Amino acid sequence: MTETVSKLNPAGWRPEMGPRQHPDHESPVDPTFTGNRALMLEEPLIFEIGKVGETGVDFDRVPGAAAALPFQRSAPLDLPGLSEPETVRHYTRLSRQNYAIDLGLFPLGSCTMKHNPRLDEKVARMAGFADIHPLQPQQTVRGALEVISQLADWLVQLTGMHSVAMTPKAGAHGELCGLLCIRAALEARGDPREVVLVPESAHGTNPATAAFAGYRVESIPATAAGRVDFEALQARLGPDVAGVMITNPNTCGLFEPDLKKIADAVHAVGGFVYCDGANFNAIVGRVRPGDLGVDAMHINLHKTFSTPHGGGGPGSGPVVLSEALTPFAPLPFAARGPDGSVRLIEEEDAADGHSQAFGRMAAFHGQMGMFTRALTYILSHGADGLRQVAEDAVLNANYILRSLDDVLDAPFGKSGSCMHEALFSDAGFAGGLSTIDLAKGLIDEGYHPMTVYFPLVVHGAMLIEPTETESKASLDQFIGAVRSVASRAKAGDESLKSAPHFAPRRRLDETQAARKPVLAWQATGN
Ligand SMILES: *Cc1c(COP(=O)(O)O)cnc(C)c1O
């Protein structure tokens, strides 16, 4: 195998490829030689342009080195090689085909995709936070412990709860932490129970978490107004119910006005109330879940307190706890001593009153990078700024609801208002068109589609969450795009069936991709 340092290849293209016509682009003009369309660059896969044995680095061969290695490959790995500039261009070109919050409005409902202030990034990258190790001696990381502790104080204050477990690494991880606290509390009083009640409209992680924590999940129906059916829930309560999991505001974008009543009823039969707090963005500074009788609630720092997310991470899901659940919180945690200094509680210790901790959610102390971003966000907004976040998020969602409810069916929004997200359905679309066609049409308009087919309680659901960070001009442009595509859908415009027409790739077979994913590059093409 000989290594050659490859020459800069400006177009990610090799002569043997010939003219690279875009595979599935209809073009009003003759296709271009490169497949590029001005700044929209067509980029082959790295397996098509990279060459095995090629590298951007010119290493000397060290005589006898191979023989000295304890392990040796019997066959080459066949990884595609490129020079450094080729590599940079390849991934930069691909990245330009991505949609991002820094490019435009990200309407995904139930995800809270908001602007992440650059200040948060700057603080998170400070060496004193970014370059420390969880096993460093405590006296060398006092500042980081102070950040964890200050953030914990804010979360407890904002939610009106008793304590917070900071270690869970995401919303779903926080749900598990909360349910394990409930399980530990029930077992400690010798009353293990079997059932967790979850409303129909819940995020999929709720029933999954309850099942993972060893409970049988029973579903509670929704009322015609999109809220938890209190009578149905009350009728199901009994000594076998460990607790309920309720999202507030719920995944229809509606406030659950009966939450306090529900909590009282659940407590009366000895159960606990878990609240999915992923939508805290809508009520932060306005509503304290502790006042509504909640026992445990995760907060998605990566949704409510900025911090970039998507693409699978990173996340952070601290869980605020009631006084009843606090003794069972997982280790380790940071605690402020009587002298004001913060120290880590890492072991169970009866004298400290931490002997009932249910265990650990993570090896160390949580997502430090998310803690610094979230605390920066909180401090830079202040209490009044956080309240305004919730108010503006709700205002923006209602502006969208009222600006679209004459072209899109709004099942729960016909007369009333919504919280932070607006829910629509595809009722009234003609010519066999449905939600998926509107979503694909939005891609041609330059928008990432909204959340589709969720929540399941609405047929052909479209859930739009603009967040507080969009200006009126940006909302108006988005509304204009949705109105245009929705009118086409209601007129049965056939061309929507094959949208997107302008994206780098056209409509893919998503069912096939999910059921039979091809995860390895096959040169033969099948
Ligand atoms: C995002 C979300 C979750 C899960 O949070 P992850 O951080 O993705 O695990 C749970 N419930 C609701 C309502 C959410 O929006």
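The rules behind each value
- Going along each chain's sequence as written, the residues are numbered from 1 onward.
- Two thresholds apply to this predicted model, a pLDDT of at least 70 for residue-level local features and 80 or more for giving and counting side-chain atom pairs, whereas whole-chain, interface and lining totals are computed over all residues.
- Excluded from the side-chain calculations are hydrogens and water; all other atoms, namely the structure's heavy atoms, are used.
- At least two DSSP bridges between two strands are required for those strands to pair.
- Only runs of H or I of at least four residues qualify as helices and only runs of E of at least two qualify as strands under DSSP, and these elements are numbered from the N terminus.
- Here, nonpolar core means buried Ala, Val, Leu, Ile, Met, Phe, Trp, Tyr and Cys residues that are tied together by side-chain atoms lying within 4.5 Å of each other.
- For each residue, the accessible area found with a 1.4 Å probe, counting protein chains only, is set against the maximum for its type, and the residue is called buried under 20%, exposed over 50%, and partly exposed in between.
- For every domain, the bounds stem from an assignment made automatically or drawn from a database.
- In this analysis, two residues are considered to be in contact whenever any of their non-hydrogen atoms come within 4.5 Å of each other.
- Residues are labelled near a given molecule or strand when at least one of their non-hydrogen atoms is within 4 Å of it.
- Any N or O atom pair separated by 3.5 Å or less is treated as a polar contact, with the protein-specific requirement of one donor-capable and one acceptor-capable atom, and with residues adjacent in sequence counted only for side-chain atom pairs.
- In short, Shrake-Rupley with a 1.4 Å probe defines the accessible areas, and a residue's cover is counted only from the protein chains shown.
- Classification remark: right-handed applies to a crossover when, strands pointing away from the viewer, the course from the first strand over the helix to the second runs clockwise.
- UniProt positions are given in the numbering used here, feature names are shortened, and annotations may be inferred rather than shown by experiment.
- For a helix, the expected span equals 1.5 Å multiplied by the residue count minus one.
- This arc describes the spread of directions from the helix axis toward the C-beta atoms.
- A patch consists of residues exposed above 30% relative accessible area that lack any salt bridge, with like charges linked at up to 9 Å and nonpolar side chains (Val, Leu, Ile, Met, Phe, Trp, Tyr) linked at up to 5 Å.
- A carboxyl oxygen of Asp or Glu within 4 Å of a side-chain nitrogen of Lys or Arg is what we treat as a salt bridge.
- Here, axes are lines fitted to C-alpha atoms. For helices the fit covers the stretch in contact, and angles between N-to-C directions go from 0 to 180 degrees.
- A clockwise turn of the near helix away from the far one marks a right-handed crossing, whereas an anticlockwise turn of less than a right angle marks a left-handed crossing.
- Put simply, Ala, Val, Leu, Ile, Met, Phe, Trp, Tyr, Cys and Pro go in the nonpolar bin, Asp, Glu, Lys and Arg in the charged bin, and everything else, Gly too, in the polar bin.

Help me out: how do you make sense of the sheet that holds strand 14 (residues 462-464) in this one?
Working definition: the strands of a sheet are paired by backbone hydrogen bonds and lie parallel or antiparallel to each other. Strand order in the open sheet formed by three strands is 12-14-13, with antiparallel pairing between adjacent strands. The sheet is open, and its two borders are formed by strand 12 (422-424) and strand 13 (451-452), each paired with just one other strand.

Would you mind going over the nonpolar core with me for this structure?
Counting 57 residues, the largest nonpolar core has Leu 151, Leu 155, Leu 233 and Phe 305 as its most contacted members. Breaking this core down by element, the ones donating at least two residues are helix 6 (142-159), strand 4 (195-199), helix 9 (230-236), strand 6 (241-247), helix 10 (259-268), strand 7 (272-276), strand 11 (342-345) and helix 12 (368-404). No other element matches helix 12, which puts 10 residues into this core. Formed jointly, this core draws a minimum of three residues from each of two domains, domain 2 (138-376) and domain 3 (377-515). Beyond its immediate stretch of four places on either side in the chain, Leu 233 contacts Leu 197, Ile 220, Val 228, Val 244, Ile 262 and Val 266. Counting 29 residues, the second-largest nonpolar core is a separate cluster that includes Ala 397, Ala 422, Met 462 and Leu 496.

What's the story with the site of the ligand in this structure? I'm lost.
Contacts to the ligand come from Ser 110, Ala 170, Gly 171, Ala 172, Glu 175, His 203, Thr 205, Asp 276, Ala 278, Asn 300, His 302 and Lys 303. Separating an oxygen atom of the ligand from a side-chain N or O atom of His 302 is a distance of 2.8 Å. Burial of the ligand by the surrounding chains reaches 85%, relative to a free accessible area of 380 Å². Sorting the residues of the shell around the ligand by element identifies helix 7 (171-188) and helix 11 (301-304) as the ones contributing at least two each. Sort the elements by how many residues they give to the shell around the ligand and helix 7 lands first, with three residues.

Hey, could you run me through the pairing of strand 7 in this one?
Two faces make up the sheet, and in a regular strand the side chains alternate between them. Among the five residues in strand 7, five count as buried, and that is most of the element. Viewed along the sheet, the connection from strand 6 through helix 10 into strand 7 turns out right-handed. Direction of pairing for strand 7 relative to strand 8 (residues 296-298): parallel, over a ladder of three bridges. Within strand 8, the residue paired with Tyr 274 across the bridge is Ala 296.

Where do I start with the UniProt feature "domain: Aminotransferase class V" (unreviewed entry) in the chain in this structure?
Within this numbering scheme, the UniProt entry marks residues 194-310 as carrying the feature "domain: Aminotransferase class V" (unreviewed entry). Across residues 194-310 one finds 25% helix and 21% strand; the C-alpha atoms that close the span lie 34 Å apart.

What's the story with helix 3 (residues 84-95) in this structure? I'm lost.
Because the α-helix completes a turn every 3.6 residues, residues three or four places apart line up on one side. Relative to the 16 Å expected for 12 residues at 1.5 Å per residue, helix 3 spans 16 Å between its end C-alpha atoms, a close match to the ideal helical length. Taken as a whole, helix 3 has its buried residues at Glu 86, His 90 and Arg 93. Projected onto a plane normal to the axis of helix 3, the buried residues spread over an arc of 75 degrees and lie on a single side.

Is there a simple way to explain the domain arrangement of the chain in this structure?
Many analyses report the size of an interface as the accessible area lost when the parts associate. By the assigned domains, the chain splits into domain 1 (10-96), domain 2 (138-376) and domain 3 (377-515). The C-alpha-based centres of domain 1 and domain 3 are spaced at 37 Å.

What's the story with a nonpolar patch on the surface in this structure? I'm lost.
A cluster of nonpolar side chains, namely Leu 45, Phe 47 and Trp 521, defines an oily patch on the protein surface of about 300 Å² accessible area. Note on placement: Leu 45 falls in the loop between strand 1 (4-5) and helix 1 (46-49). Given a relative accessible area of 44%, Leu 45 falls into the partly exposed group.

Help me understand the packing of helix 12 against helix 14 (residues 472-490), please; the structure alone is not making it clear to me.
Axis separation between helix 12 and helix 14 bottoms out at 10 Å; the angle between their running directions is 30 degrees. Both helix 12 and helix 14 take part in a crossing whose hand is right-handed. Here Asn 396, Tyr 399, Ile 400, Ser 403 and Leu 404 of helix 12 lie close against helix 14, whose contacting residues are Lys 472, Leu 475, Asp 476, Phe 478, Ile 479, Val 482 and Arg 483. Among the residues forming the contact of helix 12 with helix 14, the class breakdown is seven nonpolar, two polar and three charged.

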